[in-house]
Every structure is written in structure tokens, then in C-alpha cells.
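The primary structure of each chain is shown beneath.
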Amino acid sequence: MTTTATAPAPVEPATRRSVWLAVLVLAAAGFLALTVELSPAGLLTRIAPDLHASVAATGSLTALYSLGNAILALPLTVLAVRFARRVSLAAALLVFVIGNAVVAFSSDLAPALVGRFIAGGAHGLLMSLAPAVAVGLVGHQREARALSMIIGANTLGIALGAPLASLAGTTLGWRTAFFAAAAIALICAVLLAVLVPPMRAQATKSLGLLSAARQPGVLRFGIGWMLMMLAYMGVLTYLDPYLEQLDAPAWVTSLSLFVFGAGGFAGVAIAGRIVARSRMTALIAMPLLMAACFAALSLGITSVPVVVALLFVWGIAFAGLVLVWQQALLLTGHRAPEMSMSIGVVLTQAGMAAGAALGGLIVSTAGVTATPLLGLVVTLAALTLLIKAAPILRRAETDRNAAHA
């Protein structure tokens with residue numbers, strides 16, 4: 001069986017603007033999906049009465065979204081790579097529209113949970129396809145810029161998604177917020193169907209899941225990314241009680257998340273500059289910087305401004321490592337970029353779930369101020385996966401360049 005590779009046909013200068021516009025729409029779709037994922041957090045007390053459920057039960061809307069993401073990402077990607085990428089992207093967003101519409105129309109918790117599961121699966125597929133398609137559209141020479149746009153939008157979604165959704169849901173009603181998300185996703189689907197050019201078919205055998213996973217370096221970088229997401233969630237999930245332990249006012253948590261997101265924007269730019277000089281340096285430097293932040297937070301600092309400053313630096317490190325480790329995963333998995341990316345998506349979702357669970361265990365046994373130590377240990381463990389990684393990356397780059405020559 002043959003597959004359509006994510007390599008674009010040569011484009012004329014006049015059409016390059018539409019290619020970058022397509023990347024921008026992909027980035028906007030990622031921001032929207034993350035906003036929707038985080039939206040129930042600030043709206044639970046408004047959603048629960050309308051769905052005739054308790055606040056605690058309504059909180060499962062977030063869990064079902066993540067579950068749909070983790071369970072459906074791989075099978076949907078296996079199906080999606082059989083079709084032209086613009087068709088798959090548009091279909092993913094249309095499913096996302098349906099999932100959000102189901103939530104908006106729900107009068108009971110059960111159908112809303114189904115809608116969230118469906119939307120989460122569509123988000124997982126979008127996460128699997130978007131980075132590879134973006135790189136395929138602009139070419140490997142502009143890979144860093146394209147991924148910076150995608151990851152920058154995701155960082156913005158993490159920083160601003162929940163506050164924006166909460167504001168919209170509070171002022172316009174939570175159902176209106178989900179209807180608006182569905183409408184914007186529909187616009188993105190139409191734009192991608194128009195803007196993404198047909199991908200040039202390559203007469204290469206399509207790689208199945210196991211073959212994609214066996215590509216040298218794919219599991220290495222996927223597991224490393226998973227571990228760093230575990231460290232991230234193990235600490236960030238409990239940021240609010242951590243700050244409360246320092247007697248910080250309640251509003252400091254929201255400020256801290258904005259500061260973390262601002263650091264993320266800087267991190268994408270910094271990591272992009274470093275990776276242009278040395279990919280291995282970037283792969284090592286960003287996790288080391290994150291580990292240094294965890295080490296500092298583990299020292300029992302009681303100054304809230306210092307903690308907030310460390311969160312800014314952590315944001316730099318986190319966004320930077322997401323950029324460079326995704327690049328490494330796409331490079332080593334270049335023979336099946338979407339399948340390789342879907343493996344990364346599932347692993348990172350598992351890491352995030354495990355991080356929240358392990359963080360909770362640490363909080364209950366050693367206290368919330370011990371969570372940064374968990375992050376430090378796990379991040380350093382991830383760094384050990386870079387031992388002997390350099391020759392794998394060089395060989396993958398040589399093979400990819402030869403394939404696209």
C-alpha cells in the first residue's frame with residue numbers, strides 16, 4: 001500500500017503566503033483545542049446545575065477529554081494517514097465541531113461526557129497531524145519556524161485558554177462558549193481544506209504502528225518527552241496549593257500561569273536559535289534549565305516573587321524542550337511522521353496522567369512542597385535517554401535529506 005507523504009510539491013513565491021497562512025490556521029486550531037480542553041476548569045459551578053450533576057462529577061468532563069485524546073489518537077491517525085492531509089485535518093476539526101456541539105446541547109452529564117470524549121479524540125488526531133504537516137508545508141529548512149508557531153500557539157492556549165474560556169462562559173454563558181468553539185473550529189476546517197495544498201505522493205510502503213515505533217530514536221525521544229511531561233504535570237497540577245502554602249493571595253495562581261506562558265514564548269524563540277546552531281545542545285540545555293528550576297523550588301524558597309520568577313524561567317525551559325524534542329521525534333520518525341507523532345501524543349498523555357497521579361501521591365505523603373523534587377528526579381532521568389543519541393540524530397538527518405533530495 002502507498003501513502004501520501006507530508007512533503008509538499010514545490011511552491012511558487014506567490015503561493016508561499018498561503019502556505020504560511022495554513023500553518024497559522026493550524027496553530028490557531030491548536031490554541032482553540034487547548035482552550036476547549038481547559039475550559040471546564042473555570043466553569044464547573046455554572047455547568048454542573050445545567051447538567052443536573054455535582055461539581056465533582058462535572059469535573060470528569062476534563063478527564064473524558066484527556067481519555068479520548070489518549071485512546072483515540074493512535075487509531076484515528078492510522079486511519080487518517082490513508083487520506084490527503086487536508087482531508088484528514090478538515091475531518092478532525094469537523095469531529096471536534098460535533099463533539100463541542102454535543103456538549104453545548106446537552107441537558108444531562110452523560111451526553112456531555114460523550115461529546116468531550118469525541119472532541120478529545122479529534123484533538124489527539126490534530127496534535128498528531130499538525131506538526132508533521134506544518135513541516136511538510138514549509139520544508140525542513142524552515143522547520144524551526146513552523147514548529148515555533150504551532151508550539152507557541154499551544155503555549156498561549158495553556159496560559160490563556162482557561163482564563164479566556166472562563167471569561168466567555170461567565171459573560172455569555174457556558175453553552176455559548178462551546179458553541180463559539182465549534183463555530184471557530186468549523187472556520188478552521190474550511191480554511192485548511194482550501195489552503196493546504198495536495199501533498200505529493202511517494203511510492204513508499206506505508207509504515208504500520210510497530211514499524212513506525214521501531215524507527216531508531218522514535219521511542220527514545222517519545223519516552224523522554226513523556227517523562228518531561230510527567231515532571232511538568234507532577235508539579236504544575238499542584239501549583240495552587242504550593243502557592244497557598246507560601247501564603248500567596250489566590251490571584252497569584254492566575255498571575256503565575258500567565259507568567260509561565262510568557263516564559264514559554266521566550267523559550268520557543270531561544271530554543272529555535274540554539275537548535276539552529278546545535279540540535280544536541282538544545283536537547284540537553286532546555287531540560288537542564290527545567291531541572292535547575294525544580295532544584296531551586298525544592299530548596300524551600302518562601303519568597304513569592306522569587307517563585308514567580310522561577311516559573312518564568314521554567315516556562316522558557318518547558319516550551320523550549322517541547323519544541324526541540326518534537327523536532328527530534330519528527331526527525332527520527334521521518335519515514336512515518338504522523339504515526340511517530342501519534343506515538344508521542346499517546347506517550348505524553350500517559351505521562352501527564354501519571355504526573356498528576358504521582359504528584360498527588362507526593363502531596364499526600366510528603367507535602368506539596370516536595371513536588372518539585374519529583375520533577376527534578378524525573379527530568380534528570382529523561383536526560384539519560386540522550387546518551388548515544390547524537391549518532392542516531394545524524395543518521396536520521398542524513399537519511400531524511402537523501403529521501404527528499
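Residues numbered from 1 in each chain as written. Predicted model: local features only at pLDDT ≥ 70, side-chain atom pairs only at ≥ 80, totals over all residues. Heavy atoms only, no water.

Engineer: Whenever I open this one, the packing of aromatic side chains confuses me. Can you help?
Structural biologist: Aromatic ring pairs are defined here through the distance separating the ring centres and the angle between the ring planes. Across all of its chains, the model carries 9 aromatic pairs by this definition. Residues W174 and F178 carry aromatic rings whose centres are separated by 6.0 Å and whose planes lie at 85° to one another, so their mutual orientation is edge-to-face. Linking W174 with F178, this pair stays in helix α8 (residues 174-195), spanning 4 residues, or about one helical turn. Of the two residues, W174 and F178, neither departs from the other in class, the shared state being buried. Between the aromatic rings of F221 and W325, the centroid separation amounts to 5.5 Å while the plane-to-plane angle is 70°, which identifies the pairing as edge-to-face. Here F221, found in helix α10 (residues 218-236), pairs with W325, found in helix α14 (residues 304-332); they are 104 residues apart in sequence, far enough to count as distant. An identical accessibility class is assigned to F221 and W325; each is buried. Of the aromatic side chains, those joined through ring pairs into one cluster are Y232, F260, F294, W314 and F318. One Lys or Arg, R145, reaches over the ring of W20 and ends 4.1 Å from the middle of that ring. (Phe/Tyr/Trp six-rings, centres within 6.5 Å; stacked < 30°, edge-to-face > 60°. Helix = DSSP H or I, 4+ residues; strand = E, 2+ residues; numbered from the N terminus. Buried < 20%, exposed > 50% of the residue type's maximum accessible area, 1.4 Å probe, protein only. Lys NZ or Arg CZ within 6 Å of the ring centre and 35° of its normal.)

Engineer: Would you mind going over the pattern of salt bridges with me for this structure?
Structural biologist: Where side chains of opposite charge bring their charged atoms close, a pairing between them can arise. A complete count under the given rule lists 2 salt bridges for this structure. The salt bridge involving E338 is made with R85; its shortest N-O contact spans 2.6 Å. Placement of E338 in helix α15 (residues 337-366) and of R85 in helix α5 (residues 85-105) is noted, with a sequence separation of 253 residues between them. Each of the two residues, E338 as well as R85, counts as buried. (Salt bridge = Lys/Arg side-chain N within 4 Å of Asp/Glu carboxyl O.)

Engineer: What is the right way to read the nonpolar core from this model?
Structural biologist: Nonpolar side chains in soluble globular proteins tend to be buried together. Counting 79 residues, the largest nonpolar core has L283, M290 and W314 as its most contacted members. Per element, the largest residue contribution to this core is 18 residues, and it comes from α14. Apart from residues lying up to four places away in sequence, M290 is in contact with M228, A231, W314, A317, F318, L321 and T379. The next biggest cluster of nonpolar side chains, apart from the first, holds 51 residues, and it includes L93, L113, L126 and W174. (Core = buried A, V, L, I, M, F, W, Y, C linked by side-chain atoms within 4.5 Å. Contact = heavy atoms within 4.5 Å.)

Engineer: Looking at this model, I keep getting lost on the environment of R16. Mind explaining?
Structural biologist: Among the secondary structure elements, R16 is positioned in helix α1 (residues 13-38). The sequence separation of R16 and V138 amounts to 122 residues, and the corresponding C-alpha distance is 8.2 Å.

Engineer: In this structure, what is going on with α14? I would like to understand it.
Structural biologist: Think of an α-helix as turning once every 3.6 residues; residues three or four places apart then point the same way. Across its 29 residues, α14 extends 41 Å between first and last C-alpha, which sits within 8% of the 42 Å expected from 1.5 Å per residue. With 24 of 29 residues buried, α14 lies mostly within the body of the structure. (Expected span 1.5 Å × (residues − 1).)

Engineer: Just to check I follow, could you spell out the side chain of T58 for this structure?
Structural biologist: Among the secondary structure elements, T58 is positioned in helix α3 (residues 55-58). For T58, the side chain forms a polar contact with the main-chain oxygen of S54, separated by 2.7 Å. Among residues more than four places away in sequence, those in contact with T58 are L44, I47, A48, A53 and L109. (Polar contact = N/O pair within 3.5 Å; in protein donor to acceptor, adjacent residues only side chain to side chain.)

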